[in-house]
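Residues per chain are reported as follows:
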Amino acid sequence: MKSQLRPALVLMILMTLITGVIYPLAVTAIAQLAFPWRANGSLIVQEGRTVGSALIGQSFDDPKYFWGRLSATGPFPYNAFDASTLTASSGSNYGPLNPALLEAAQARIDALRAADPTNTAPIPVDLVTASASGLDPDISPAAARYQAARVARARGLDEAAVRALVDEHTEGRLFGLLGEPRVNVLRLNLALDSLPG
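Residues numbered from 1 in each chain as written. Predicted model: local features only at pLDDT ≥ 70, side-chain atom pairs only at ≥ 80, totals over all residues. Heavy atoms only, no water.

What to know about the sheet that holds strand 5 (residues 182–184)
Under the convention used in this document: By definition, two strands form a pair when at least two bridges between them are found by DSSP. Runs of E in the DSSP output that reach at least two residues are strands. Runs of H or I that reach at least four are helices, and both are numbered from the N terminus.
An order of 3-5-4 is seen for the three strands of this open sheet, with the pairing classed as antiparallel. A single partner strand is all that each edge strand has here, and the edge strands are strand 3 (138–139) and strand 4 (170–171). Bridge count between strand 4 and strand 5: two bridges; the pairing is antiparallel. Opposite glutamate 171, over in strand 5, you have arginine 182 as the bridge partner.

Side note on the nonpolar core
To keep things clear, this is the line we draw: Side-chain atoms within 4.5 Å link the members of a nonpolar core, which is a set of buried Ala, Val, Leu, Ile, Met, Phe, Trp, Tyr and Cys residues. Partly exposed describes any residue whose relative accessible area lies between the buried limit of under 20% and the exposed limit of over 50%, with all areas from a 1.4 Å probe on protein chains only and scaled to the type maximum.
Of all hydrophobic cores here, the largest spans 29 residues; its most connected members are Phe66, Leu112, Leu127 and Ile139. Listing elements by their share of this core, those giving two or more residues are helix 3 (99–115), helix 4 (141–155), helix 5 (159–168) and helix 6 (185–194).

A short note on helix 5
Threshold: As used here, the arc is the angular range of directions from the helix axis to the C-beta atoms. In what follows, a contact means two residues having at least one pair of non-hydrogen atoms within 4.5 Å.
Turning to helix 5, its buried residues are Val162, Leu165 and Val166. One side of helix 5 carries all its buried residues, which in axial view fall inside an arc of 100 degrees. Looking at the buried residues of helix 5, the elements they touch are helix 4, strand 4, strand 5 and helix 6.

Some thoughts on the packing of helix 4 against helix 5
To be explicit about the condition: Interaxial angle, 0 to 180 degrees, is taken between N-to-C directions of lines fitted to C-alpha atoms, where a helix line uses only the stretch in contact. Here is the rule for angles: anything less than 35 degrees is roughly parallel, anything more than 145 is roughly antiparallel, 65 through 115 is roughly perpendicular, and the remaining ranges are oblique. Handedness of a crossing follows from how the near helix is turned relative to the far one, being left-handed for an anticlockwise turn of less than a right angle and right-handed for a clockwise one. Residue type decides the class: Asp, Glu, Lys and Arg count as charged, Ala, Val, Leu, Ile, Met, Phe, Trp, Tyr, Cys and Pro as nonpolar, and the leftover types, Gly among them, as polar.
Two elements in contact, helix 4 and helix 5, have axes whose closest approach is 9 Å; the angle formed by their N-to-C orientations is 140 degrees. As the angle between them shows, helix 4 and helix 5 are arranged oblique. By crossing handedness, the relation of helix 4 to helix 5 is classed as right-handed. Two secondary-structure elements touch here, helix 4 through Ala144, Arg145, Ala148, Ala149, Val151 and Ala152 and helix 5 through Glu159, Val162, Arg163, Val166 and Asp167. Its residues assigned to classes, the contact of helix 4 with helix 5 shows seven nonpolar, no polar and four charged.

Let's talk about the side chain of aspartate 138
Just so we agree on the cut-off: Counting of polar contacts relies on pairs of N or O atoms within 3.5 Å, with two restrictions inside protein: one atom must be capable of donating a hydrogen and the other of accepting it, and residues adjacent in sequence are counted only when both atoms are side-chain atoms.
Locating aspartate 138 in the fold gives a position in strand 3. Only 3.5 Å separates the side chain of aspartate 138 from the side chain of asparagine 184, close enough to count as a polar contact. Apart from residues no more than four positions distant in its own chain, aspartate 138 is found in contact with Arg69, Arg182, Val183, Asn184 and Val185.

With respect to the pattern of salt bridges
Stated formally: Within this document, salt bridges are pairs made up of a side-chain nitrogen of Lys or Arg and a carboxyl oxygen of Asp or Glu, the two lying within 4 Å of each other.
This structure, assessed with the given rule, holds seven salt bridges. Between arginine 163 and glutamate 159 there is a salt bridge, with its nearest N and O atoms 3.0 Å apart. Of the two residues, arginine 163 and glutamate 159 are both situated in helix 5; the distance of four residues between them amounts to about one turn of the helix. The exposure class assigned to arginine 163 is partly exposed, which follows from its relative accessible area of 31%.

Describing the pairing of strand 1 (residues 43–46)
As judged from the four bridges shared by strand 1 and strand 2 (residues 49–53), these two strands associate in the antiparallel manner. By the bridge assignment for strand 2, leucine 43 is matched with serine 53. Connecting the antiparallel pair strand 1 and strand 2 is a turn made up of two residues, with glutamate 47 showing a positive phi of about 55 degrees.

Structural notes on the environment of threonine 118
Looking at the element boundaries, threonine 118 is found in the loop between helix 3 and strand 3. Its relative accessible area of 60% is what places threonine 118 among the exposed residues. A C-alpha to C-alpha distance of 9.4 Å links threonine 118 and alanine 149, two positions 31 residues apart in sequence. Among the polar contacts listed, one links the side chain of threonine 118 to the side chain of aspartate 116, at a separation of 3.1 Å.

Overview of the environment of tyrosine 146
The topology assignment puts tyrosine 146 in helix 4. Separated by 27 residues in sequence, tyrosine 146 and asparagine 119 have C-alpha atoms that sit 8.1 Å apart. Aside from chain neighbours lying at most four places away, what touches tyrosine 146 is Leu112, Arg113, Asn119, Ala121, Pro122, Ile123, Pro124 and Leu127.

See the structure below:
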C-alpha cells in the first residue's frame, strides 16, 4: 500500500503546484505583459477616477444620457454576487412567454415613451430586453439614434451634433464579419459630458 500511496501523494502535490499555482501565475503574467488594460477589467479612468468598465453595462436613467440595455442586476451597479441584492453576472432566464419578461419589457417601453413622448418611432428591441449576460455595455446604432432627439433636447444641443457623436462612437463588426455594429453606452455618455455647453 505504501508503494501506491507515495506516488499518488507526490503526483497530487505536483499537479496541484502546476495547475493551481504555476499555470495561473504564468497566465496572469502573460496577460499583464501582453494586454494589461484588458487583463485589469477594461476600466475607463478619467481625471484619476475610475468611471466604469468598457465591458460591463452601466445604469443610466437621466433623459440627458443614452440608456443602455436592461440589466439583470439592475437597479444595482454590478459587483460580485451578493445574495441580499441578488446581483451577479447572469441573465434573467425568463422564457418568451413568461409574464415577468413581458412586464419588464412593457415597463421599459413606458419609461422610454414617458421620457420622449414626441418620439413615435418603433422602439428597438435591445432597449427593452436584457442581453444573455444581463451586463451588455453596448446598444445597437438604431437604439442610440432612437434616443438622440431626447438627449439633444435635454442637453440643449443640436440633434445633428448628437447623431454625429453616435456615428463617431459606432463600432463595426469584428474583422468586418463577426457580430453586429454597436455603440458603447458608457463611452458615448462620457463623450457627451465632455462637450462644451
